Amino acid sequence: MLTIEHLTLAYGDTVVVEDLALSAADGEVLCVLGPSGCGKSTLLRAVAGLEPPVTGTIHLDGRDLAGLRPDQRDVGLMFQEHALFPHRTVAENVAFGPRVHGLDRAAVRQRVTEALALVGLAGTEFRHVDELSGGERQRVALARAIAPRPRLLMLDEPLGSLDRALQTRLLEDLPRVLSELGTTVVYVTHDQDEALSLADRIAVMRAGRIEQQGTPAELWRGPRTAFVAGFLGLDPVFELQADATTVTTPWGRVPRAEVSDAGAGTGTVTAVLLPDALRLAPSHQPPADDELTVIATVVTRRFQGDHLRLGLHTDSGHRLQVAAWRGEVPDVGDTVRLAIEVTGLHLLADDPDR
Amino acid sequence: MDGHGAEVTDGTASTEQRTRRPRPTRRGVPRGAALALLAVPVVFLGWFFVWPVTAIVGLGLAPDGEVELRVLTRALTDPSVRSVAWFTLWQAVVSTALTLVVAIPGAYALSRQEFPGRRALQAAVTVPFVLPTVVVGSAFLALLGPRSPVNAALVAVLGEAAPTLDLRRTVTAILLAHVFFNYAVVVRTVGGLWSMLDPRLEDAARVLGASRWRTFREVSLPLLSPAIAASAAIVFLFTFTSFGVVLILGGPGRATIEVEIHRATTQLLDLPLASTLALLQLVAVLSALAVYGRLTRRAQQQRLVAAARTRRPPRTRGERWFLGANLAVIAVLVLSPLAVLVERSFVTATGYGLDNWRRLLVDDPGSVLAVPAGEAVRNSLLFGVSATLVALVVGGLAATAATVGRGWVTGTVDRALMVPLGTSAVTVGFGFLIALDRPLDLRGSPLLVPLAQALIATPFVVRTLLPVLRSIDQRLRDAAAVLGASPFRVWREVDLPIIGRAVLVAAGFSFAIAVGEFGATVFVARANLPTMPVAIFRLLGRPGVANFGQAMAMSTLLAAITAAALLAIDRLRVGSIGRF
């Protein structure tokens, strides 16, 4: 169990993380999701003891980590771009942790074999790390981080330096490895796909603070702010008028009780359309009661493999996107009718920073 | 000959991308052109290096025209020669080891820790490296003599009964001076690589459970080994062939081969002995260079990051303590000799005053020099400028040939030009004296001084220019060409601005070396045309407070000139001074 409270981190006068609270339960995979420069790597370095906190406490399994050197903390950290020791072989890299922990030779060898088997690299022991491909290096780095059996495993953008295809493949592999380990994991990334597919819980980080935490489904269905919505890939964000009982959209009025609400006030509020809330409405189908009808013009058509993505301009001047799956796909310039599910209209909390 | 054949990346490109990207090849320069560029350096090296050295070998092996190994074996079995060789070897080994022990922590402090004044201090510790050996000798003479501040401090603490510390003419003095002199070589070479090592490698080791010391031993040290080996080899060469420092600080039984060559030539007038010693020295130096070449070739490709990203202020108490300790070492070891030198230049028979400086710069009644002291300054500057021009032409052509040439041309030029660096200056000077009567009798010519100095400076010019020339990305030239630039225009707009600063650096560096050159100059300078180092040596050889004071004043002036040259080029940030 990792518990971080009131943590403030700074480089010189620049505050990188401010009054942050975060916890990860035993065996949980917690993803810290945020744009580059939001302080998420610094957070990991602080937990590892590589950056001294300005204020705040970090507890791991009830033990206060303050004042402990990195080598006394019993945590594992897999670095961005892996930081493999270039002067050592695969086995020597993985053996480093167990060896400096004072294990005897047989035990070290055992740990190396286990760790490499777990990441699917058995038999590569004597290869030099320079000869490895990007994906192999990533696995060696993971094996090296888990070989000392840390109480907490932290991964800093582990897939960041790999190409897209490799990312996808390793993303399928990683959950298995992490669940076999059973260790508490803190996984830092800027990629929402990675976070959504790996995490038990996600903490979205922005400029040194946690903006929102929750399970992937909770975040996906209920982003609290425009920042979280945007970061998860929910767009566009648009403005609406709302009072206590009614929400006025450019396409009609709906009762406020029916829409999804993250805690918006009244007056001008911001909103997003939750995934699947918008669809092309066949012209012959009459609008349902719980739907709003939008008339829009197709301006772009992007081929996405199994579907097409249409960019649309509404009469009210909004830009929307919708997936067109099969059957009759409208051309650029066509006017189409869209349906918005009222429950998929999500009002966002007021964001003082916007 | 780069200390660590490694490439700097911005830290974002993956290793795969870097190693698999095909390197654009250079085109359009036929081998003939590369060889033509080599003509001047080859003639220069042949005439002023190979020929004199051959003459020395000839004199050693065949004094009467026939090869007589008897002379050689006699000299080699001579106990005094053997004891000189032994002293030379062990003091070089100990000096090198001491320098590494003191300077490796310093390299970390100056390259990985950020603190106010770091850049200025880094420049300051490099100053000793370009200081003339004679100045280093004088500074330590002043620092370690009976009236030094060290003794003043002892008296202040312990009272009149305090023992007087006089380390002049001891091995300790020589070793200290060698550490002072070579500190920068290790700090620059090792620190240069250290500042670009990915700090996450050390962080990773720490998080995996290794202590600081273990991290240093198992991660940093192996990764730094190419730079450590290269700098150790260079320090060994410099201390093995140490001349000015040992001549001034050493004494009976404390002479290096280099000093003995000088003594055999000028005092014993035993040229065969001098030749044998020079031969011995040459063999030792060539072996050391071969080892150096092997060590630097082994250098592995490493993933490096931009230096600025690895530096950070000390944050824990341990880190602050470490920095403080290193700053103290620098203050005591590197800065105090310079401070004492300046202080002594103001000491006269009647207390502090400007007499030494007045005699040096204004008028000079009853000097031991054949000429007014001011003339030595003028001679030094004139010779220095001429030597710089020669070294730039020779070194520039050689470096260009080594860049545009292919295969053996590059490698051979690279290695051949390092040989004079390792060969002793005294050997060069001695060789000039015995060999340069043919084809032109240059032995009485004042030209000999700048020629000798240029020979010593040329390897440094090549070392400065070659990495820069090689680093110019062919794709830059390609891009300029595709955008419509003619070959000349490409050279003018791409190559020239990039090498421009390196040429200035090379010029400043060779000027500093030429002005301070002593070993070769002391042989070839005519009595009526002394340079500053020669004048300092003559002044130090005479008794009297006035002569000593004047030597200190001239040393201070010489130190100021070389330091100014160094600091001027340091601002250009090409950053290769003292780095191997």
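No experiment lies behind these values; they were computed from the predicted model shown.

**Q** Any chance you could break down the overall build of chain B for me, citing the residues and the numbers?
**A** A count of helical and extended segments in chain B gives 26 helices and four strands. Across chain B, the fraction of contacts at a sequence separation of at least 24, relative to all contacts at a separation of at least 6, is 82%.

**Q** I'd like a rundown of the overall build of chain A, residues and numbers included.
**A** Secondary structure summary: chain A contains eight helices and 21 strands in total. If you line up chain A on its principal axes, its C-alpha atoms span 75 × 45 × 30 Å. Within chain A, the fraction of its 354 residues that count as buried is 43%. Partitioning the intrachain contacts of chain A with sequence separation of at least 6 by distance along the chain shows that 67% fall at a separation of at least 24.

**Q** Tell me about the interface of chain A and chain B, residues and numbers included.
**A** With 21 residues of chain A at the contact, the number on the chain B side is 22 residues. Of all the elements in the fold, those that place two or more residues in the side of chain A that touches chain B are strand 6 (75-78) and helix 2 (90-100) of chain A. Among the residues forming the side of chain A that touches chain B, the class breakdown is 13 nonpolar, seven polar and one charged.

**Q** Before we move on, could you go through the domain arrangement of chain A and cite the residues and values that matter?
**A** Residue and element names in this part refer to chain A. Examined at the domain level, chain A breaks down into domain 1 (2-228) and domain 2 (229-347). For domain 1 and domain 2, the distance between their C-alpha centroids amounts to 38 Å. Each side of the interface is counted separately: domain 1 has 13 residues, and domain 2 has 14 residues. For the side of domain 1 that touches domain 2, the secondary-structure elements that each account for two or more residues are helix 7 (216-221) and helix 8 (226-231). Counted by class, the side of domain 1 that touches domain 2 contains eight nonpolar, three polar and two charged residues.

**Q** Summarise the sheet that holds strand 8 (residues 184-189) of chain A; cite the residues concerned and give the values.
**A** Residue and element names in this part refer to chain A. Pairing within the open sheet is mixed, and its six strands lie in the order 6-7-8-3-9-10. What marks the edges here is a single partner per strand, and that holds for strand 6 and strand 10 (209-214). This sheet shows a mean twist of 20 degrees between the axes of neighbouring strands, independent of strand direction. Two strands pair when backbone bridges link them, and strand 3 (residues 29-33) and strand 8 are joined in this way by five bridges, in the parallel orientation. Residue pairing across strands places Leu33 opposite Thr189, the latter belonging to strand 8.

**Q** Which residues make up the environment of Ala278 of chain B, and what are the values?
**A** Residues and elements named next belong to chain B. Relative to the assigned elements, Ala278 resides in helix 13 (residues 271-297). For Ala278, a count of 29 C-beta atoms within 10 Å corresponds to the buried category. Placed 150 residues apart in sequence, Ala278 and Val428 show a C-alpha to C-alpha distance of 9.5 Å. With residues near it in sequence (within four places) discarded, Ala278 still touches Ile56, Gly60, Ile261, Thr427 and Phe430.

**Q** Quick one: what's the story with the packing of helix 8 (residues 171-194) of chain B against helix 15 (residues 317-344) of chain B, residue by residue and with numbers?
**A** Residues and elements named next belong to chain B. Two elements in contact, helix 8 and helix 15, have axes separated by 10 Å at closest approach and are oriented at 110 degrees. By the angle between their directions, the pair helix 8 and helix 15 is classed as roughly perpendicular. Handedness of the crossing formed by helix 8 with helix 15: left-handed. Contacts between helix 8 and helix 15 involve Val179, Phe180 and Tyr183 from the former and Leu333, Val334 and Pro337 from the latter. Classifying every residue of the contact of helix 8 with helix 15 gives six nonpolar, no polar and no charged.

**Q** With reference to specific residues and values, describe the confidence of the model for chain B.
**A** All names here are of chain B. On average, residues of chain B carry a pLDDT of 79, and 84% of them reach 70 or more. Predicted confidence in chain B is weakest over strand 1 (residues 7-8), with a mean pLDDT of 34, and strongest over helix 4 (residues 79-112), with 92. Every residue in residues 1-28 scores below 50 in pLDDT, and together they form 43 contacts with partners more than four places removed in sequence or on other chains. For this predicted complex, the interface confidence comes out at an ipTM of 0.81, alongside a pTM of 0.79.

Reading the values: the criteria
- Residues numbered from 1 in each chain as written.
- Chains lettered and ligands numbered in written order.
- Predicted model: local features only at pLDDT ≥ 70, side-chain atom pairs only at ≥ 80, totals over all residues.
- Helix = DSSP H or I, 4+ residues; strand = E, 2+ residues; numbered from the N terminus.
- Contact = placed C-beta atoms within 7 Å.
- Buried ≥ 20, exposed ≤ 12 C-beta atoms within 10 Å, placed from the backbone.
- Nonpolar A, V, L, I, M, F, W, Y, C, P; charged D, E, K, R; others polar.
- Domains from an automatic or database assignment.
- Pairing = 2+ DSSP bridges.
- Axes fitted to C-alpha atoms, helices over the stretch in contact; angles between N-to-C directions.
- Parallel < 35°, antiparallel > 145°, perpendicular 65-115°, else oblique.
- Left-handed = near helix turned anticlockwise from the far one by under 90°.
- pLDDT = per-residue confidence, 0-100.

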